[in-house]
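A look at the structure
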Amino acid sequence: MSFIIRRVAFYLVAFLVAATINFILPRLMPGNPIDVLFAQQATTLPAEARQALIETFGFASGPLHLQFFDYMKSVFTGDLGYSIRFYPQKVNQVLAYAFPWTLLLAGTATLLAFCIGSIVGTYAAWRRGGLLDAVATPLSLALQATPAVVIALTALFIFGVALRWLPTGYAFNPSLDPGWTWTYISSVFVHGLMPIFSLMIVFVGGYLVTMRNNMIGQLGEDHVTMGLAKGLTDRRVQFNYAARNALLPSVTSLGLTLGAILGGSLVTEVVFNYPGLGQTLYLGIVTRDYPLIQGQLLIMTFATLLANLAVDLLYVFLDPRLRKA
């Protein structure tokens, strides 16, 4: 319990620091959200109308420290104000709509990449020098070095433009009404195949290489040699003795990735015009939508810290030595 309390206190302080940085960053960007909004419409406003808009959107005026106190109040009350880009919707409503799409897209891609990369990496290390190792390891290194935008654009051109097997954008057919119908669900599935596949390709190489290297290190340990000497099956030694310990760094990487994906896989979502948190953040940056940017970054911060806390607690389960530390 003392371990849990210490970790929770640490992440609470980290959240407060990150929330402060979140307040400062958007205000360092050039331009004012109101001016940018009306510059895009080639419209000029008198001073009175401009001030009325500032009050309507709820922007704090006065010294910076007063704005900071108003901002922190909104963080802990959950009222993040109105979005400029999607007015009259509130930031909470905009993010609540985008959140499930990012969770579906990036969450599915990350879990698939983790499972595939860990399993293939385990077998590649167990039979290192074999055909699987000779093919999978160099390929995963090449995938790690390939930018996400290249993979997304390549998939878009091949499967969406050249072959026309899959739709090129959005999360479902816009002509359909959302609902739990087979037509709508199948449309979501088909539209999600290409972005999920692209994002999975981006992640899988890192998990594979990490698991392979960790497994090779574990295969030289005494407890693995003892398991083989006791006459245990290769499968049991491979997974119960070696893979379980080799999985610890991969679990850390998974926790960091799961936290980051809730911030939105911006490149993939922009390429495929997928209505998730990444696309929403991009639109917010373009329009200098301070409330939306701050709300999005808060989600990223909270999700990353929560994922790290979950990993810390999971380590205690995976590594019994930590229970006695």
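In this report, we go over the structure that sits alongside the text. Because the structure is a prediction, the values reported are computed rather than measured. (Residues numbered from 1 in each chain as written. Predicted model: local features only at pLDDT ≥ 70, side-chain atom pairs only at ≥ 80, totals over all residues. Heavy atoms only, no water.)

Looking only at helices and strands, the protein features 13 helices and zero strands. Scanning the protein from its N terminus toward the C terminus, one meets helices and strands in the order α-α-α-α-α-α-α-α-α-α-α-α-α. Split into buried and exposed, the 325 residues of the protein put 40% on the buried side. In the protein, the share of contacts with a sequence separation of at least 24, taken over all contacts with a separation of at least 6, comes to 73%. (Helix = DSSP H or I, 4+ residues; strand = E, 2+ residues; numbered from the N terminus. Buried < 20%, exposed > 50% of the residue type's maximum accessible area, 1.4 Å probe, protein only. Contact = heavy atoms within 4.5 Å.)

Phi at Arg 164 is positive, roughly 60°, even though this residue is not glycine. Mapped onto the secondary structure, Arg 164 falls in the loop between helix H7 (148–162) and helix H8 (182–219). Judged by relative accessible area, which is 71%, Arg 164 ranks as exposed. Residue Tyr 170 is not a glycine yet carries a positive backbone phi of 70°. For Tyr 170, the position within the fold is in the loop between H7 and H8.

A word on the packing of helix H6 (residues 131–144) against H8. Packed helices, taken two at a time, are described by the angle their axes make and the gap between the axes. Axis separation between H6 and H8 bottoms out at 8 Å; the angle between their running directions is 130°. As far as their axial angle goes, H8 and H6 are oblique. By crossing handedness, the relation of H6 to H8 is classed as left-handed. Contacts between H6 and H8 involve Asp 133, Ala 136, Thr 137, Ser 140, Leu 141, Leu 143 and Gln 144 on the former and, on the latter, Ile 201, Val 204, Gly 205, Gly 206, Leu 208, Val 209 and Arg 212. (Axes fitted to C-alpha atoms, helices over the stretch in contact; angles between N-to-C directions. Parallel < 35°, antiparallel > 145°, perpendicular 65-115°, else oblique. Left-handed = near helix turned anticlockwise from the far one by under 90°.)

A few words on the environment of Ser 118. Within the secondary structure layout, Ser 118 lies in helix H5 (residues 91–126). Ser 118 sits in the buried class, given a relative accessible area of 7%. For the pair Ser 118 and Ala 246, spaced 128 residues apart in sequence, the C-alpha separation works out to 9.5 Å. Setting aside anything within four residues of it in sequence, one finds Ser 118 in contact with Ala 113, Met 211 and Leu 247. Among the polar contacts listed, one links the side chain of Ser 118 to the backbone oxygen of Phe 114, at a separation of 2.7 Å. (Polar contact = N/O pair within 3.5 Å; in protein donor to acceptor, adjacent residues only side chain to side chain.)

Before going further, it helps to spend a moment on the environment of Ala 98. Relative to the helices and strands, Ala 98 resides in helix H5. Residue classification places Ala 98 among the buried residues on the basis of a relative accessible area of 1%. Considered as a pair, Ala 98 and Tyr 274 are 176 residues apart in the sequence and their alpha carbons are 9.2 Å apart. Not counting chain neighbours up to four residues away, the residues in contact with Ala 98 comprise Pro 275, Gly 276, Leu 277 and Thr 280.

Scanning all chains against the criterion turns up eight aromatic pairs. Aromatic pair Phe 159 and Trp 165: ring centres 6.1 Å apart, planes at 40°, arrangement tilted. Residue Phe 159 is classed as partly exposed on the basis of its relative accessible area of 25%. Since its relative accessible area comes to 61%, Trp 165 is described here as exposed. Ring-pair connections join several aromatic residues into one group, and the members of that group are Trp 101, Tyr 170, Phe 172, Tyr 184 and Tyr 274. (Phe/Tyr/Trp six-rings, centres within 6.5 Å; stacked < 30°, edge-to-face > 60°.)

The geometry of H7 relative to H8 is characterised by a closest axis approach of 9 Å and an angle of 145° between their N-to-C directions. By crossing handedness, the relation of H7 to H8 is classed as right-handed. On H8, the residues touching Ala 148, Ile 151, Ala 152, Ala 155, Leu 156, Phe 159 and Gly 160 of H7 are Met 194, Ser 198, Ile 201 and Val 202. Broken down by class, the residue content of the contact of H7 with H8 amounts to nine nonpolar, two polar and no charged. (Nonpolar A, V, L, I, M, F, W, Y, C, P; charged D, E, K, R; others polar.)

Turning our eyes to something else, we now look at the side chain of Ser 198. With respect to the secondary-structure elements, Ser 198 resides in helix H8. By relative accessible area, which is 1% here, Ser 198 ends up buried. At 2.8 Å, the side chain of Ser 198 forms a polar contact with the backbone oxygen of Met 194.

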